[in-house]
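# Descriptive structure summary
Residue-level listing of the chains:
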Amino acid sequence: MTQRILYISYDGMLEPLGQSQVLAYLEKLAAGRTTHLISFEKPDDWANREQRAAVARRIEDAGICWHPLRYHKRPSAAATAFDIAHGSAVAVGLAWRHRIGVVHARSYIAGLMGLAAKRSSGAKLLFDMRGFWADERVDGNLWPAGGRLYRGAKAAERRLLLAADHVITLTHASVEVLAQLPYLQGRMPPVTVIPTCADLDRFKLQSAPKPDPFVLGYVGSVGTWYLLDEMLTCFRLLREELAGARLLIVNRAEQAMIIDRAIELGIDRSAIEVIAAQHSRMPGLIATMHAAMALYAPSFSRIACAPTKLAEYLGCGVPCLGTAQVGDITTILEPRRIGVSLEEFSEPEMKSAVKRLIALAHEPGVRQRCRQAAVELFSLYGGIASYDKIYSSLSVAPSGKEGIAQ
């Protein structure tokens, strides 16, 4: 019997994240399965008819039935509640109409929609939690600690974890946290760690960068979680060791602010290049770097974080400077000699880390070690294989009663 899957994503397929972290997997997983996809598309993205048609063709070519819904933003809580109600109704209808066997829900909001489908149809629920979302909102100063929204989200987290037939999380560190939750004692669902992966056919070893100047790099946005001042300080300290070193930052929307902040921190403007680039150019740009950074503000919620940029850096053979308290960084970088993890952000500690990073970047074989680690830990194909195994393990025809959360 052909397995029937319903995948629910609150991220849109017209966004880069949806294409790289949802479609890239589903295109392979859909083979031999009947697959339905619910996504929430932002109005501005939907208005781009050319892009919409291209993505629709990509989804159709993979044999996936796409059910795009409109994403609502304001007012925030009410808009999200409306989307949850709308998505739940569509998910329940699809689950009954197509006899869905597995509902794969990506993160918490999609999880609530998936829970409605599970309870109404008896389908298995795969809760792809991604991280500790409620705690992320508090740690990012978006919600007050202990407030109504936080309490509601934590209650939803509990319901989802207790109802899930399988849970996916991004880091081994977060599994340890889940195992300590009082309400999961004796009721722990099966958990699989699948970090955010990269397409290593694209992010691959290329020609080694020119010896001089030494290029330190960063790819992505800044603010909230990303420690811009600390990364700029690390570059300033690196310039004290290598006077001609340059900083390359690939960023779409915050270029002027980055440059202004660098100048305020005493960095020579001529030593910095801040550019915007399409995702298709990223492998080539990363390949010009001798080392790269992924410094995040440490917090409880960051335990469950697996930065995509880390996989992309390592895939291109670039050693990384990371934050020790984030996800599995500590157990990945230093033991494999593919990067340096910062324990604290004092200037002496950063200076020491920068010196070690320079030495590591010049070490013979480091590029090959980085690549090997990426293949072992962050391969898109490895992630797809893990998802495929989970789907197969949940391959039980819905009965209308079996697996319904009480």
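Shown above is the structure to which this text applies.
Quick summary incoming for the structure in this document. Being a predicted model, the structure only gives us computed values, none of them experimental.

Examined bridge by bridge, strand β9 (residues 246-250) and strand β10 (residues 272-275) share four bridges and lie parallel to one another. Note that in β10 the partner of Leu248 across the bridge is Glu273. After leaving β9, the chain enters helix α10 (residues 255-264) and then returns to the sheet as β10, a path that is right-handed.

Counting buried positions along helix α12 (residues 308-315) yields seven of eight residues, so the element is predominantly enclosed. Elements that come into contact with the buried residues of α12 comprise β8 (215-219), α11 (282-286), β11 (291-294), β12 (320-323), α13 (329-336) and α15 (366-378). Phi for Gly317, located one or two positions after α12, is positive at around 85 degrees.

Burial of nonpolar side chains together is a common tendency in soluble globular proteins. Grouped together as the largest cluster of nonpolar side chains are 71 residues, with contacts concentrated most on Tyr313 and Leu321. One finds Val103, Leu112, Phe132 and Leu160 within the second-largest nonpolar core, a separate group that totals 38 residues.

Strand order across the open sheet formed by seven strands is β3-β2-β1-β4-β5-β6-β7, with parallel pairing between neighbours. With one partner strand each, in any of the chains shown, β3 (64-70) and β7 (191-193) form the two edges of the open sheet. Each neighbouring strand pair of the sheet contributes to a mean axis angle of 15 degrees, computed without reference to strand direction. Alignment of strand β5 (residues 124-128) against strand β6 (residues 166-169), held across three bridges, turns out to be parallel. Bridged to Asp128 within β6 is Ile168. On top of the sheet, helix α4 (residues 76-97) reaches β1 (3-9), β2 (33-41) and β3; it is set at about 165 degrees to β2, its chief contact.

Our next topic: the sheet that holds β8. The six strands lie next to each other as β10-β9-β8-β11-β12-β13, forming an open sheet whose pairing is parallel. On the outer flanks of this sheet lie β10 and β13 (339-342), each paired with one strand and no other. Averaged over all neighbouring strand pairs, the angle between strand axes comes to 20 degrees, with direction disregarded. Bridging between β11 and β12 involves three bridges; their strand directions are parallel. Bridging across to β12, Ala294 finds its partner in Gly322. Contacts between α13 and the sheet are confined to β12 and β13, with β13 contributing the most and set at about 135 degrees to the helix.

Turning to the pattern of salt bridges, a few remarks are in order. If you walk through the whole model with that rule in mind, you get 19 salt bridges. Here Glu347 makes a salt bridge to Arg236, at a shortest N to O gap of 3.2 Å. Of this pair, Glu347 sits in helix α14 (residues 347-361) while Arg236 sits in helix α9 (residues 228-241); the two residues are 111 residues apart in sequence, bridging distant segments of the chain. Judged by its relative accessible area of 39%, Glu347 falls in the partly exposed class. Note that Lys351 is salt-bridged to Glu240, the shortest N-O span being 2.9 Å. Here Lys351, found in helix α14, pairs with Glu240, found in helix α9; they are 111 residues apart in sequence, far enough to count as distant. Within the structure, one salt-bridge network assembled from shared partners comprises Arg236, Glu240, Glu241, Glu347 and Lys351.

The full count for this structure, using the stated rule, is one cavity of 30 Å³ or more. Volume-wise, the largest cavity comes out at about 40 Å³. Surrounding the largest cavity, Tyr218, Leu228, Met231, Leu232, Leu247, Ile249 and Met293 form its lining. If you list the elements that add at least two residues to the lining of the largest cavity, you get α9 and β9. Here the lining of the largest cavity takes three residues from α9, the largest share from any one element.

Rules and cut-offs
Residues numbered from 1 in each chain as written. Predicted model: local features only at pLDDT ≥ 70, side-chain atom pairs only at ≥ 80, totals over all residues. Heavy atoms only, no water. Pairing = 2+ DSSP bridges. Helix = DSSP H or I, 4+ residues; strand = E, 2+ residues; numbered from the N terminus. Right-handed = clockwise from strand over helix to strand, strands pointing away. Buried < 20%, exposed > 50% of the residue type's maximum accessible area, 1.4 Å probe, protein only. Contact = heavy atoms within 4.5 Å. Core = buried A, V, L, I, M, F, W, Y, C linked by side-chain atoms within 4.5 Å. Axes fitted to C-alpha atoms, helices over the stretch in contact; angles between N-to-C directions. Salt bridge = Lys/Arg side-chain N within 4 Å of Asp/Glu carboxyl O. 1 Å grid on protein atoms, 1.4 Å probe; cavity = no way out; pocket = protein on both sides within 12 Å on 5 of 7 lines; lining within 4 Å. Points joined across faces, edges and corners; volume = space filled by probe spheres on them.

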